[in-house]
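Examining the three-dimensional arrangement
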Amino acid sequence: MTIIEICQWLESTPVARLIQESAYGFPIVVAIHILGLTFSVGTLLWVDVRMLGLSLRELRVSEVYRALARWFLAGFALMLISGATLFVAFATSAYANGYFRLKMILLLVAGLNALVFHRVTQRGGTLWDSAARPPASVRLAGLASLVAWAGVILAGRMMSYTMFSYP
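What counts, and where the lines are drawn
Starting from 1, residues in each chain are numbered consecutively following that chain's sequence as written. Residues qualify for local features only when their pLDDT is at least 70, as the model is predicted, and side-chain atom pairs are given and counted only at 80 or more; totals for whole chains, interfaces and linings, by contrast, use all residues. With hydrogens and water excluded, all non-hydrogen atoms of the structure serve as input to the side-chain values. We call Phe, Tyr and Trp rings a pair once their centres come within 6.5 Å, taking the six-membered ring for Trp, and we label the pair stacked below 30 degrees between planes, edge-to-face above 60, and tilted otherwise. In this text, helices come from DSSP runs of H or I with a minimum length of four residues, and strands from runs of E with a minimum of two, each type numbered from the N-terminal end. Here's how the labels work: a residue is buried when its accessible area is under 20% of the maximum for its type, exposed when over 50%, partly exposed in between, all with a 1.4 Å probe on protein chains only. Axes here refer to lines fitted to C-alpha atoms; in helices the fit is confined to the stretch in contact. Angles between the N-to-C directions go from 0 to 180 degrees. Put simply, angles under 35 degrees are roughly parallel, angles over 145 are roughly antiparallel, angles from 65 to 115 are roughly perpendicular, and the rest are oblique. By definition, any crossing whose near helix is turned counterclockwise from its far helix by less than a right angle is left-handed, and any crossing with a clockwise turn is right-handed. Polar here means any residue other than Ala, Val, Leu, Ile, Met, Phe, Trp, Tyr, Cys and Pro, which are nonpolar, and Asp, Glu, Lys and Arg, which are charged; Gly is therefore polar. Whether two residues are in contact is decided by their heavy atoms: any pair within 4.5 Å suffices. Among buried residues, the Ala, Val, Leu, Ile, Met, Phe, Trp, Tyr and Cys ones that are joined through side-chain atoms within 4.5 Å form a nonpolar core.

Right, let's get into the packing of aromatic side chains. Centre distance and the angle of the planes are the two values used to describe a pair of aromatic rings. Following the criterion strictly, the structure yields 6 aromatic pairs and no others. Ring geometry for F87 against F100: centres 5.3 Å apart, planes inclined by 15°, an arrangement best described as stacked. A residue pair is termed long-range when its members are at least 10 positions apart, and F87 in helix α4 (residues 61-89) and F100 in helix α6 (residues 98-119) qualify at 13 residues. Classification of F87 by relative accessible area gives partly exposed; the value is 23%. A residue is classified by how much of its surface remains accessible, and F100, at 13% relative accessible area, is buried. Geometrically, the ring pair formed by F117 and W128 is tilted, given 6.3 Å between the ring centres and 55° between the ring planes. Here W128 lies in helix α7 (residues 125-128) and F117 lies in helix α6, a separation of 11 residues in the sequence. For the pair F117 and W128, a shared accessibility class is recorded, and that class is buried.

Our next topic: the packing of α6 against helix α8 (residues 136-162). As a packed pair, α6 and α8 sit with axes 8 Å apart at the nearest point and diverge in direction by 160°. One finds that α6 runs roughly antiparallel with respect to α8. Between α6 and α8 the crossing geometry is left-handed. The residue inventory of the contact of α6 with α8, partitioned by class, reads 17 nonpolar, 5 polar and 1 charged.

Counting through the fold element by element, T121 comes out in the loop between α6 and α7. Accessibility expressed as a relative area gives 15% for T121, which makes it buried. With residues near it in sequence (within four places) discarded, T121 still touches V116, W128, S137 and V138.

Formed by 19 residues in total, the largest nonpolar core has its most connected members in V47, M51, F72, F117 and W149. Looking at this core, the elements with two or more residues in it are α3 (25-51), α4, α6 and α8. The biggest single contributor to this core is α4, with 6 residues. For V47, the residues in contact, after removing those within four places along its chain, are V64, Y65, L68 and F72. One finds L10, L86, F100 and M163 within the second-largest nonpolar core, a separate group that totals 14 residues.

Looking now at the environment of H33. In this structure, H33 sits in helix α3. A relative accessible area of 18% means that H33 is categorised as buried. As a C-alpha pair, H33 and S82 span 49 residues in sequence and 5.3 Å in three-dimensional space. Those residues within four positions of H33 in sequence are excluded, and the remaining contacts are M79, S82, G83, L86 and K103.

Next up, the structure:
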């Protein structure tokens with residue numbers, strides 16, 4: 001079975017049909033996706049600007065992270081579930097769309113950045129956690145996160161303008 005055949009099969013599933021044919025299915029799932037984006041990236045932004053040393057300097061990086069983690073993780077879960085649901089409904093168009101592919105690459109970059117930060121950079125956190133201006137490696141991780149997530153959002157918006165024909 002080819003990737004296109006898998007995409008066509010996904011688009012024929014009951015979940016896909018509900019999104020494609022229901023008057024409210026698509027708008028509701030998109031609204032959930034945007035709500036997830038707001039909670040995820042909107043709160044992660046504060047962790048990133050703290051890592052950059054641009055704001056919340058009186059707080060430890062770890063305090064900002066712990067205070068917001070449940071919000072951005074819940075938002076990410078909403079984004080993941082709703083995004084997968086939207087993909088199932090429009091898999092063939094999404095797969096053929098260059099902005100979808102860019103979005104997936106940038107999601108991978110954001111995930112790898114977080115993984116490297118938590119596995120490598122954060123190890124020395126006791127030395128810099130309370131510093132108003134964290135070391136360059138921490139600031140770079142914060143900047144990479146901001147750039148990757150901005151790219152994910154922009155690519156996602158461009159998908160919506162290029163995947164569908166508007167009368």
